[in-house]
Amino acid sequence: MSKSYIKKGDTVYVLAGEDRGKEGRVLKVLVQKQKALVEGINMVTKATKPNAQHPQGGLIKKEAPIAISNIALIDPKSGKPTRVSLRRENGKVIRISKKSGEEIK
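Conventions adopted
- Here the residue index of a chain counts from 1 through its sequence in written order.
- It should be noted that, the model being predicted, local features are given only for residues of pLDDT at least 70 and side-chain atom pairs only at 80 or more, the latter also being counted only at that level, while totals for whole chains, interfaces and linings use all residues.
- For side-chain calculations, the full set of non-hydrogen atoms in the structure is used, while hydrogens and water are omitted.
- In DSSP terms, a helix is any run of H or I states spanning at least four residues, a strand is any run of E spanning at least two, and both are numbered starting from the N terminus.
- Note that the radius of gyration is over C-alpha atoms, with the globule rule given as 2.2 Å times the number of residues to the power 0.38.
- Exposure is judged per residue with a 1.4 Å probe applied to protein chains only, and the accessible area is read against the type maximum: over 50% gives exposed, under 20% gives buried, and values in between give partly exposed.
- The contact definition used throughout considers only heavy atoms, calling two residues in contact when any of these lie within 4.5 Å.
- The convention is simple: Lys and Arg are positive, Asp and Glu are negative, and His and the chain ends are not counted.
- Note on charges: their place is set at NZ of Lys, CZ of Arg, CG of Asp or CD of Glu.
- Note: two strands are recorded as paired if DSSP finds a minimum of 2 bridges between them.
- Candidates for patches are residues over 30% relative accessible area with no salt bridge; among them, like charges are joined within 9 Å and nonpolar side chains (Val, Leu, Ile, Met, Phe, Trp, Tyr) within 5 Å.
- Shrake-Rupley sampling with a 1.4 Å probe provides the accessible areas, and residues are treated as covered by the protein chains on show and by no other component.
- Salt bridges are identified by distance alone: a Lys or Arg side-chain nitrogen within 4 Å of an Asp or Glu carboxyl oxygen.

Caption draft 1: Quick peek at the overall build of the chain. A count of helical and extended segments in the chain gives 0 helices and 11 strands. Counted from the first residue to the last, the chain has its helices and strands arranged as β-β-β-β-β-β-β-β-β-β-β. Relative to a compact globule of 105 residues, whose C-alpha radius of gyration would be 13 Å, the chain shows 17 Å and is clearly more extended. Among the 105 residues that make up the chain, the fraction classed as buried is 28%. For the chain, contacts bridging at least 24 residues in sequence account for 38% of all contacts bridging at least 6. Measuring between centres, the 23 positive side-chain charges of the chain sit 6 Å from its 10 negative side-chain charges.

Caption draft 2: The arrangement of the sheet that holds strand β11 (residues 103-104) in detail. Spatially, 3 strands are ordered β9-β10-β11 in an open sheet, and the strand pairing comes out antiparallel. Of all strands in the sheet, those with a lone pairing partner are β9 (84-89) and β11, marking the two edges. As paired strands, strand β10 (residues 92-97) and β11 are joined by 2 bridges and run antiparallel to one another. Residue pairing in the sheet places Ile-96 in a bridge with Glu-103 of β11.

Caption draft 3: Fine view of a nonpolar patch on the surface. Judged by side-chain polarity, Tyr-5, Leu-86 and Val-93 come together as a nonpolar surface patch covering roughly 250 Å² of accessible area. Looking at the element boundaries, Val-93 is found in strand β10. Looking at Val-93, the relative accessible area reads 40%, which means it is partly exposed.

Caption draft 4: Layout of the sheet that holds strand β3 (residues 35-38). Read from one edge to the other, the open sheet built from 6 strands follows the order β6-β3-β2-β1-β7-β8, with strand pairing classed as antiparallel. Unpaired on one side and paired on the other, β6 (66-67) and β8 (81-82) mark the two borders of the sheet. Relative to β8, strand β7 (residues 71-74) is paired through 2 bridges, and the arrangement is antiparallel. Following the sheet pairing, Leu-73 is matched in β8 by Thr-82.

Next up, the structure:
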């Protein structure tokens, strides 16, 4: 299993699928499954029974995980999708944008 370059809070660009071309913020990364939950991307409709949060029950729209291979990190400088390289500095691993060479926070 490879290491994920995507972290919670990153802004990503969707490369493939129904939402291709959209951008969103990563809500959660599922490392074992190589998937990520992205805000407003890959929305599915889920039927729910009535409960305390939804007394009526019914249909709820929520995000479904999307494969990490189908998203790309947004370059902080240009605002366009970029690939990522890793570099060690002072014992810490930092992410570097391939497009601009800038550090990704």
